[in-house]
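# Residue-level structural notes
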Amino acid sequence: MKRFFVLPMAAAGVIFMLGTGVTAYASAETSSFDLSREGSISLTLYSDEAETAVSDGVLTVYKVADPVSNYDGSFSYVYTEDFSGCEASLEDITDATLAVTLADYVSDNGISGTSQEISSDGTLTFAGLGTGLYLIAQTGDSTGYYTIDPFLVTVPQEGEDGWIYDVDASPKVEVYAEPEPAEPENPTPSNPYDGTSGGSSGGSSSGTSGRLPQTGMLVWPIPVLAAAGILLCVAGTVMRRKGKRTHA
């Protein structure tokens with residue numbers, strides 16, 4: 001009778017987990033885990049590279065999943081209603097690609113969260129958060145810094161002396177460097193004879209494209225002088241022949 005009772009209960013547990021998308025997160029004991037307690041996520045945005053705090057920008061927090069206590073003393077996470085259509089597994093919430101996937105899901109589905117501006121000293125706190133899995137994404141740029149990659153935070157987190165409900169989750173900040181303008185590899189020199197610059201095939205502003213510049217030399221006397229020279233040569237030849245006939 002005991003065997004027939006345990007088997008249906010185990011099968012029902014498996015069906016429940018498959019049907020609700022619940023994934024076991026850890027085997028941490030939940031004896032002191034208070035699901036009704038509120039917590040917070042505090043962040044300090046400081047750049048070690050620039051040795052200064054990030055003084056502007058906006059971060060937004062989204063509640064992704066709720067914790068559920070399991071019969072074996074562990075707990076699991078199940079997606080909230082806003083994320084119920086997400087098919088990504090919650091088996092490994094430390095995977096950075098999961099945070100990116102969830103951020104894309106937020107963007108694609110227009111999910112709203114709680115936004116807060118970064119203070120002048122680079123700090124901010126999301127207070128009054130219930131227990132669960134949260135996604136934090138930067139939704140407003142910080143001057144001079146790259147956008148922070150989305151990341152996941154749990155409230156609470158397990159510490160050495162128990163559960164920590166006020167969580168410190170300061171992300172890494174990278175300084176944004178403006179790229180230097182690239183110089184042309186093979187600049188084309190200007191052509192002084194076509195009235196253009198940089199080898200352009202377009203016409204010049206003076207309207208002399210494709211023509212040699214004027215030098216002050218007249219061209220029409222050249223054929224005239226050439227013709228006169230020919231006539232003089234012919235005349236000289238004729239006079240020479242007449243002179244020979246006279247002497248004869």
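Residues numbered from 1 in each chain as written. Predicted model: local features only at pLDDT ≥ 70, side-chain atom pairs only at ≥ 80, totals over all residues. Heavy atoms only, no water.

### Structural notes on helix 2 (residues 96-109)
For helix 2, built from 14 residues, the straight-helix expectation of 20 Å at 1.5 Å per residue is met to within 8% by its first-to-last C-alpha distance of 20 Å. Within helix 2, burial applies to Leu98, Ala99, Leu102, Tyr105 and Val106. Buried residues of helix 2, viewed axially, fall in a sector of 120 degrees; they line one side. Along helix 2, the residues that are exposed and aim more than 90 degrees away from the buried face are Ala96, Ser107 and Asp108. With its phi angle positive at about 60 degrees, glycine 110 sits one or two positions after the end of helix 2. (Helix = DSSP H or I, 4+ residues; strand = E, 2+ residues; numbered from the N terminus. Expected span 1.5 Å × (residues − 1). Buried < 20%, exposed > 50% of the residue type's maximum accessible area, 1.4 Å probe, protein only. Arc of directions from axis to C-beta.)

### Describing the environment of valine 68
Summarising the element assignment, valine 68 is placed in strand 5 (residues 58-69). Measuring from C-alpha to C-alpha, the distance between valine 68 and glycine 132 comes to 9.2 Å, with 64 residues separating the pair along the chain. If we skip the residues at most four places from it in the chain, valine 68 touches Ser74, Phe75, Ser76 and Val78. (Contact = heavy atoms within 4.5 Å.)

### Remarks on the nonpolar core
Val64, Phe83, Leu102, Leu133, Leu135 and Leu152 are the most contacted members of the largest nonpolar core, which has 23 residues in total. Only strand 5, strand 6 (75-79), helix 2 and strand 9 (132-140) provide two or more residues apiece to this core. The element contributing the most residues to this core is helix 2, with five residues. With sequence-adjacent residues up to four places away left out, phenylalanine 83 is seen in contact with Tyr62, Lys63, Val64, Leu102, Tyr105, Val106 and Ile111. (Core = buried A, V, L, I, M, F, W, Y, C linked by side-chain atoms within 4.5 Å.)

### Here's the deal with the sheet that holds strand 8 (residues 123-129)
Spatial ordering of the open sheet is given by 8-2-13, a layout of three strands whose pairing is mixed. Each end of this open sheet is capped by a strand with a single partner; those strands are strand 8 and strand 13 (166-168). Direction aside, the axes of adjacent strands within the sheet are offset by 15 degrees on average. The pairing of strand 2 (residues 39-44) with strand 13 spans three bridges and is classified as parallel. Bridge pairing in strand 13 links serine 40 to aspartate 166. (Pairing = 2+ DSSP bridges. Axes fitted to C-alpha atoms, helices over the stretch in contact; angles between N-to-C directions.)

### A closer look at unusual backbone geometry
The omega torsion of the bond from valine 155 to proline 156 falls at 5 degrees, within 30 degrees of zero and hence cis. Position of proline 156 among the secondary structure elements: in the loop between strand 10 (151-155) and strand 11 (157-159). Residues other than glycine seldom take positive phi values, yet glutamate 51 does so here, at roughly 55 degrees. Looking at the secondary structure, you find glutamate 51 in the loop between strand 3 (46-47) and strand 4 (52-53).

### Description of the pairing of strand 2
A regular strand carries its side chains on alternate faces of the sheet. As paired strands, strand 2 and strand 8 are joined by five bridges and run antiparallel to one another. From the neighbouring strand, threonine 44 faces strand 8, where its bridge partner is threonine 123.

### Let's talk about the pattern of salt bridges
This model, assessed by the stated rule, comprises one salt bridge. A salt bridge links lysine 63 to aspartate 66; the shortest N-O distance between them is 2.8 Å. A residue is classified by how much of its surface remains accessible, and lysine 63, at 31% relative accessible area, is partly exposed. (Salt bridge = Lys/Arg side-chain N within 4 Å of Asp/Glu carboxyl O.)

### Describing the packing of aromatic side chains
Summed over the entire model, instances satisfying the criterion amount to three aromatic pairs. Relative to tyrosine 77, the ring of phenylalanine 75 lies with its centre 5.7 Å away and its plane at 90 degrees, an arrangement referred to as edge-to-face. Members of the aromatic cluster, connected to one another through ring pairs, are Phe75, Tyr77 and Trp163. (Phe/Tyr/Trp six-rings, centres within 6.5 Å; stacked < 30°, edge-to-face > 60°.)

### Section: the confidence of the model for the protein chain
Overall, the predicted model of the protein chain reaches an average pLDDT of 77, with 66% of residues at or above 70. Note on residues 197-209: pLDDT is under 50 here. Beyond four places in sequence and across chains, it has 18 contacts. (pLDDT = per-residue confidence, 0-100.)

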